[in-house]
Amino acid sequence: MGYKDTVNLPKTDFPMRASLPQREPGMIKRWDGMKVYKKMLERRRNAPLFVLHDGPPYSNGHIHLGHTLNKVVKDIIVKYKYLSGYRTPFVPGWDNHGMPIENIVIKEFKGDKSKIREIRKRCREFAGEWIDIQREEFRRLGVFGDWDNPYLTMSREYEGREILFFADLVEKGYVYRGYMPIHWCPVCETALALAEIEYKEKESPSIWFTMEGDGITAVVWTTTPWTIISNVALAFHPDYEYVVVKVKDKNYVLARELLEKNANLLGWENFEVKELLKGTEFEGREFRHPFIDRISRGILADFVTLEEGTGIVHIAPGHGKEDFEVGREYDLPVISPVDERGRFTREAPGFEGLTTDEASRKVVEILKEKKSLLREDRIVHQYPHCWRCKHHLIFRATEQWFLSIDHRELRKKALSEIDKVEWIPPESKNRIYASVEERPEWCLSRQRVWGLPIPAFYCKNCKKAVLDPAVIRRVGEIFLEHGSDIWYERDASFFLPPDYTCPHCGGKEFEKENDILDVWFDSGVSSLVVLRDEEWPSHVYLEGPDQHRGWFNSSLMVSCAIREKAPYRVVITHGWVLDEQGRAMHKALGNVISPLEVIGKYGADLVRLWVGSSDYTQDVRLGPQILERLVDAYRKIRNTYRFMLGNLYDFTPEDALPSNELLPVDRYILSVFQVVKEKIKDFYEKYTFHRVYHTYMDFVIKYLSSFYLDILKDRLYTYGKTSKERRSAQTVLHEVLSEMLVIFSPVLSFTTEEAWSYLPGRKTESVFYNDFPPVKKELVDEKLMKEFEHILSVREDVLLLLEKGRREKIIGNSLEAKVMMENKDEVLEKYKDYLPEIFIVSQVEFGPAEGEVILEGEHGKYALKKADGNKCERCWVYSPTVGEDPEYPSLCSKCREVIRRGDYG
C-alpha cells in the first residue's frame, strides 16, 4: 500500500504568498468594522494611562518617508504600551495655519492679498482636503488612533482654547509690544521665529572701509554693506589693544592682534605703528559716516572678536540683535529704512526702492567714490535663510508682539525642567538645552492672514496698543463659538465689552490687530488644548531633530509659563531619512522614495519592518537593496508562521501537555523563549525597537528555522497523530506562535493579525485584544539550556561531518547516515535517544570514530557511516526493523505501530 496519505503533512489556509498590497486594505476595513481601536480602549478603561502626544504634521501634501518613520514609531510605542497593560488613547493632530498654505492659495487669487476672508476660506478648505488625504495615508500604514476626532489647529475648539491660554500669558506679564530687529523674510513678508530659520551657504560681499575720526581713520570690515546706511556707532572691545598705524599720509586704527593679517590683505608694505591705545579710550570719540551727514560714536562692546575683520564693528541698531542691545545701553538711534519687502524707504534718500542686495552694490560704489573703500572681496559663509521660501533673511527693526523668555525666570525654569525629562538619545538633551539657553525673545506676531489673529486692539485716539486679558478671554469665547474667521467679519466693537475705554487715554474707538500668532505658538499650546488634566503632562513626545528649536522648545516654554512644568516626561528624537548612500533625498538627485509607492509594491508591513528594524534615533537609510533585504527577512518570518500554523491544524489548546511531560528539546525551546521574551520586553521598554527586531529575528532563524522546526518534521509528520511526541511538539508550537504574534504585533501589525486569525483553538477576535505575554519563570531551566547549548555545539561539528559526507558522495540525504561519536560525555549520554532527531540522522552511536568520513571537530572526533538497515517507506529513516514484519515489510517499527493504531489522517 502507499503511505503518503498517512503522513501528517502541514495544512493551513494561511497563504505562503503575502500579497500585502492587496490584503492589507481588507484588514483595515476589518479593523474598522470591529472598531478595534475603540475596543482596545474599552478593554483598558480602568488601566493606568499612557499618553503619547502627537506632534502635528503640516496639512499640505502627501506623506513622505519622514512622516512614515515618525508615525510608525509612535504606533509601535502606543501598541506596545497597550499590550503591556496601559490605556493608550492616541489623538492624531494636524498643524493647519501658516505660510506654505497661504502662499499656494494666494496664487489662486493672482497675488491679490486684499481678499482676506476669501483667502482664509480657501486656506481652510485646502488644509481640510489634505487632512483627509493624509489621514487615509497614515491609516494605510496600519497606525491606530482616534482618526475620526483628530485635533486641528484651525478648529473652533482649538482656536478658542488657544486664545484663552494666550490670555493667561498676557495676565502673567509675559507678552509685550516691542521694537527691535528680528529675522525678516522679504519674500514671505513676515517676521520669523528661531525654528523657522535654516542656515546654509551664501556668497556675500566682504569689504574693508574707513570712517574718519579726529586725526585717525577707523578700519572697519563688514559682509552687509547695505547696513552701513543705518550706521550710528563703531564698537571697540574694552580689553583689546588697538594700534594707530601710519600708512602714507593716513593714521589707521585697528586691533593690534589683527594688524599683520590686515596689512597683508590691504597691501600695506610700509607702515609705522604710531601709538598703542586701550579699547576703552575710544568710548565717546566721534567718527564721521562715510557718505551720510551723521556722526557715529565710539562705544564699547564685549561681542567684538578677533576671529575676523579688524576688531572694530560698525553698529546699526536697526539691523542686528547685538547692535540693538548695545544701542539701548548707549541710547543710540534706531534707523531701519527697509520695508516688509526688503526694499529701502524714503528714509534712505538715494536708495529708495532698492533691495538690500542692490543697495549693497550701490554702497560699495559710493565708498569707492569717497575713497573710503580699502578692499573688496567675496566670502562664502553660513547665513540665515527662510525655511519655507529658502530666501536669505535680513535683520530689520520692527514693532512686534514678543513673549519675554526671561520674565519670571522662564528660561531658568525651562532649563531646570529639561533636567527632569528623559531624553532619547541622551545627547539630544544638549541640543534642547542649548536652544533654550541661547534663544532670543520669542517674536509672536506674523504679518500674514492664514492663522490665529492676535486679539489686540489699537486706540484710534492715542494709537497705543491694548492687550487686556479680560478682553482676550471674551474673544476666546467668541472664537469657541464662531471660529477665528469672525475676526475678519466684524469690527472691533463686536469683540469689546460695552462702553469699553482705552486704559491709556479713555478713548472709545478702536482698531483690531492685523497680525496673526506664530504657528509655533499654535502647536506649542497643543498639549494644554488637547490633553485632559489626567493626561497631562504627556508621557512621550517624539519628533525629528529640528524640533529642539521647534515644537519641543515652544511646547516647553508655553507649558513652563502657564503650568510651570514641562509638557512631557520622555522626549525621543528620531533621525532623518537618507538614501542608501547616506544622501538626503531630493528631487534633483532623483533619489526620493515615496512611502506610497513602497506600500503599493511591497505592502505597509514592509515599511513597518523597515522602521522596526532601524535604529531610528540615528539617520535611517532606505533604498532598493535595503528593501530586498527586508523582503527576505519578512519572508523568513512569514514562512515560520506558516510552518507553525500548518502543523497545528489538528491541535486545540485542550490537547496541550503539561510542561513536565514535554520532551527535553521542547522544554528547551520554551525555556529559551522565556529568555527571549524578557529581552524583547526590556528593549520595548527602552524604545530600542531595532533590538526587538534583531532579538526576534535571531529567535526565528537561529532557534526555530535552523534548528527546532527543522528537526521536528519527522515527529510532526510521521509519529502518531495523537502521540505524546507529536502533541509535545504541537504544545510548544501553539504556545510559542500565539505569543510570538502578540509580541511582534506592534511592528508587523497586518501580518500578525492575519496569522492570528488562522490560529486554532479559542482565541480573541484580534491579536490586539491580548496582553503582552508574561515571562514564565517556572519554564526557565538554566541547566537544561546549558546542556542543550553543549549539544548544539556538538551539532555544528556533526553538520560539518554530514556536509563532508555529501561532498564525497557517501550520502545524499542526512537520514542515510549513522554518526559514530568517539568522545562520549554525560550530556550526550543523557540525551542519546534524542540525538538522531537533533542531528537529523538515522542512528547515533558511541564508539571508535571509524567510517567512510572522519572529522576532528571542536568537541571531539566523529565518523560517518552508511546507516544500518533499510529506508522506511513512510518516514524515510533507515532502520534494521524495516522488513521484520511481513504485513508491513517496508515500514520501520515506529511507523508500523502508527498504521496499526490508525493514528493518522
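Residues numbered from 1 in each chain as written. Predicted model: local features only at pLDDT ≥ 70, side-chain atom pairs only at ≥ 80, totals over all residues. Heavy atoms only, no water.

1. Topic: the overall build of the chain
1) Next: The helix and strand inventory of the chain stands at 27 helices and 32 strands.
2) Next: In terms of overall size, the chain is more extended than a compact globule, its C-alpha atoms giving a radius of gyration of 38 Å where 905 residues would be expected to give roughly 29 Å.
3) Next: Dimensions of the chain, computed from the C-alpha atoms along their principal axes, are close to 125 × 75 × 45 Å.
4) Next: Counting across all 905 residues of the chain, residues that qualify as buried make up 59%.
5) Next: Across the chain, the fraction of contacts at a sequence separation of at least 24, relative to all contacts at a separation of at least 6, is 77%.
6) Next: As displayed, the chain has an accessible area near 38600 Å², and 47% of this comes from carbon and sulfur atoms.
7) Next: Between the averaged position of the 131 positive side-chain charges in the chain and that of its 144 negative side-chain charges there is a distance of 3 Å. (Helix = DSSP H or I, 4+ residues; strand = E, 2+ residues; numbered from the N terminus. Rg over C-alpha atoms; globule rule 2.2 N^0.38 Å. Buried < 20%, exposed > 50% of the residue type's maximum accessible area, 1.4 Å probe, protein only. Contact = heavy atoms within 4.5 Å. Areas by Shrake-Rupley, 256 points an atom, 1.4 Å probe, with all protein chains shown as cover. Lys, Arg positive; Asp, Glu negative; His and termini not counted. Charge placed at Lys NZ, Arg CZ, Asp CG, Glu CD.)

2. A look at empty space enclosed by the protein
1) Next: Tallied over the entire structure, the rule returns three cavities of 30 Å³ or more.
2) Next: Size it by volume and the second largest cavity reaches roughly 50 Å³.
3) Next: Around the second largest cavity sit Val51, Leu52, His53, Asp54, Pro89, Val91, Val530, Leu531 and Glu535, which together line it.
4) Next: Across the lining of the second largest cavity, the residue classes break down as six nonpolar, one polar and two charged. (1 Å grid on protein atoms, 1.4 Å probe; cavity = no way out; pocket = protein on both sides within 12 Å on 5 of 7 lines; lining within 4 Å. Points joined across faces, edges and corners; volume = space filled by probe spheres on them. Nonpolar A, V, L, I, M, F, W, Y, C, P; charged D, E, K, R; others polar.)

3. What about the environment of Met99?
1) Next: Within the secondary structure layout, Met99 lies in helix 4 (residues 99–108).
2) Next: Its relative accessible area of 7% is what places Met99 among the buried residues.
3) Next: Taking C-alpha positions, Met99 is 9.3 Å from Cys389, a pair spaced 290 residues apart along the chain.

4. A few points about the sheet that holds strand 19 (residues 457–459)
1) Next: One open sheet holds the three strands; their spatial order is 20-19-21, and the pairing between them is antiparallel. The strands lining the two open edges of the sheet, one partner per strand, are strand 20 (465–466) and strand 21 (510–512).
2) Next: The pairing of strand 19 with strand 21 spans three bridges and is antiparallel. Counterpart to Cys459 in the pairing with strand 21 is Phe510. (Pairing = 2+ DSSP bridges.)

5. Notes on the sheet that holds strand 30 (residues 860–866)
1) Next: What the four strands build is an open sheet, ordered 28-27-30-29; its pairing is mixed. A strand with exactly one partner marks an edge of an open sheet, and here the two such strands are strand 28 (843–846) and strand 29 (853–857). In this sheet, neighbouring strand axes are inclined to one another by 25° on average, regardless of whether the strands run parallel or antiparallel.
2) Next: Bridging between strand 29 and strand 30 involves five bridges; their strand directions are antiparallel. Looking across to strand 30, one finds that Glu856 is bridged to Lys861.
3) Next: Where helix 24 (residues 782–807) meets the sheet, it contacts strand 27 (817–821), strand 29 and strand 30, and its direction lies at approximately 150° from that of strand 29. (Axes fitted to C-alpha atoms, helices over the stretch in contact; angles between N-to-C directions.)

6. Topic: the pattern of salt bridges
1) Next: Per the counting criterion, the structure on display carries 77 salt bridges.
2) Next: Asp132 serves as the salt-bridge partner of Arg135, at 2.8 Å between the closest nitrogen and oxygen. Taken as a pair, Arg135 and Asp132 lie in helix 5 (residues 116–140) at a separation of three residues, close to a single helical turn.
3) Next: The shortest N-O distance in the salt bridge between Asp868 and Lys818 comes to 2.9 Å. Here the residue Asp868 occupies a position in the loop between strand 30 and strand 31 (870–871), and Lys818 occupies one in strand 27, the gap between them amounting to 50 residues. (Salt bridge = Lys/Arg side-chain N within 4 Å of Asp/Glu carboxyl O.)

7. Focus: the packing of helix 20 (residues 664–685) against helix 24
1) Next: It is at 10 Å that the axes of helix 20 and helix 24 come closest, and there the two elements cross at 110°. Judged by the inter-axis angle, helix 20 sits roughly perpendicular to helix 24. Across from Pro664, Val665, Arg667, Tyr668, Ser671, Val672 and Val675 in helix 20, the residues of helix 24 making contact are Leu784, Met785, Phe788 and Leu792.
2) Next: The class makeup of the residues in the contact of helix 20 with helix 24 is nine nonpolar, one polar and one charged. (Parallel < 35°, antiparallel > 145°, perpendicular 65-115°, else oblique.)

8. Side note on helix 7 (residues 259–266)
1) Next: Of all the residues in helix 7, the buried ones are Leu259, Asn262, Ala263 and Leu266. Projected down its long axis, helix 7 shows its buried positions confined to an angular sector of 105°, all on one face. With respect to the buried face of helix 7, the exposed residues turned more than 90 degrees away are Glu260 and Asn264.
2) Next: Its buried side turned inward, helix 7 meets strand 5 (197–213), strand 6 (217–222), strand 8 (241–247), strand 9 (250–255), strand 10 (272–278) and strand 14 (373–386).
3) Next: Two residues or fewer after helix 7 comes Gly267, characterised by a positive phi angle close to 75°. (Arc of directions from axis to C-beta.)

9. Let's talk about the environment of Glu399
1) Next: You can see Glu399 is positioned in strand 15 (residues 394–403).
2) Next: On a C-alpha basis, the gap between Glu399 and Cys443 in space is 10.0 Å, while along the polypeptide they are 44 residues apart.
3) Next: Beyond its immediate chain neighbours, meaning those up to four positions away, Glu399 contacts Arg177, Gly178 and Tyr179.

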